[in-house]
Amino acid sequence: AGPDQRVVSGSPVTLSGAGSADSDGTIAAFAWSQSAGPVVSLATPGAVTTTFAAPAVSQATTLTFSLTVRDDDGAAATDSVSVIVDPPVAPAPG
């Protein structure tokens with residue numbers, strides 16, 4: 001499901017399963033789902049890559065996503081990725 005990420009609230013986030021591989025066939029399906037954190041709307045949850053906008057947060061917040069891939073033989077594997085969302089940086093007074 002790719003490397004963990006750290007982003008700022010409001011930023012676009014891309015989740016990529018491009019590193020997925022099947023040693024004895026081809027991957028037939030991708031399914032992204034969210035398992036923790038404030039709920040976001042995934043643009044294309046059935047694609048190898050999906051995007052969402054990082055939610056507004058007041059403190060560092062972890063969102064966790066799972067990617068399940070199925071191959072052409074029906075076998076499945078799942079991996080997770082975490083995205084830490086930080087609040088926007090306040091401008092320095094002055």
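Anyway, here's the lowdown on the structure attached to this text. (Residues numbered from 1 in each chain as written. Predicted model: local features only at pLDDT ≥ 70, side-chain atom pairs only at ≥ 80, totals over all residues. Heavy atoms only, no water.)

1. What about the nonpolar core?
No. 1: In this structure, L15, W32, F52, F65 and V83 are the most contacted members of the largest nonpolar core, which totals 18 residues.
No. 2: Put simply, the parts of the chain that give this core at least two residues each are β2 (12–16), β3 (27–36), β5 (61–71) and β6 (76–86).
No. 3: Top contributing element to this core by residue count: β5, with four residues. (Core = buried A, V, L, I, M, F, W, Y, C linked by side-chain atoms within 4.5 Å. Buried < 20%, exposed > 50% of the residue type's maximum accessible area, 1.4 Å probe, protein only. Helix = DSSP H or I, 4+ residues; strand = E, 2+ residues; numbered from the N terminus.)

2. Describing the environment of P38
No. 1: With respect to the element layout, P38 can be found in the loop between β3 and β4 (49–53).
No. 2: Remark: the alpha-carbon pair of P38 and V57, spanning 19 residues in sequence, is separated by 8.9 Å.
No. 3: If we skip the residues at most four places from it in the chain, P38 touches P55, T61 and L63. (Contact = heavy atoms within 4.5 Å.)

3. Here's the deal with the pattern of salt bridges
No. 1: With the rule as written, the count across this model stands at one salt bridge.
No. 2: Ionic pairing is found between D86 and R6, a salt bridge with its closest N-O pair at 2.7 Å. Of this pair, D86 sits in strand β6 while R6 is found in strand β1 (residues 5–8), placing the two residues 80 residues apart along the sequence. (Salt bridge = Lys/Arg side-chain N within 4 Å of Asp/Glu carboxyl O.)

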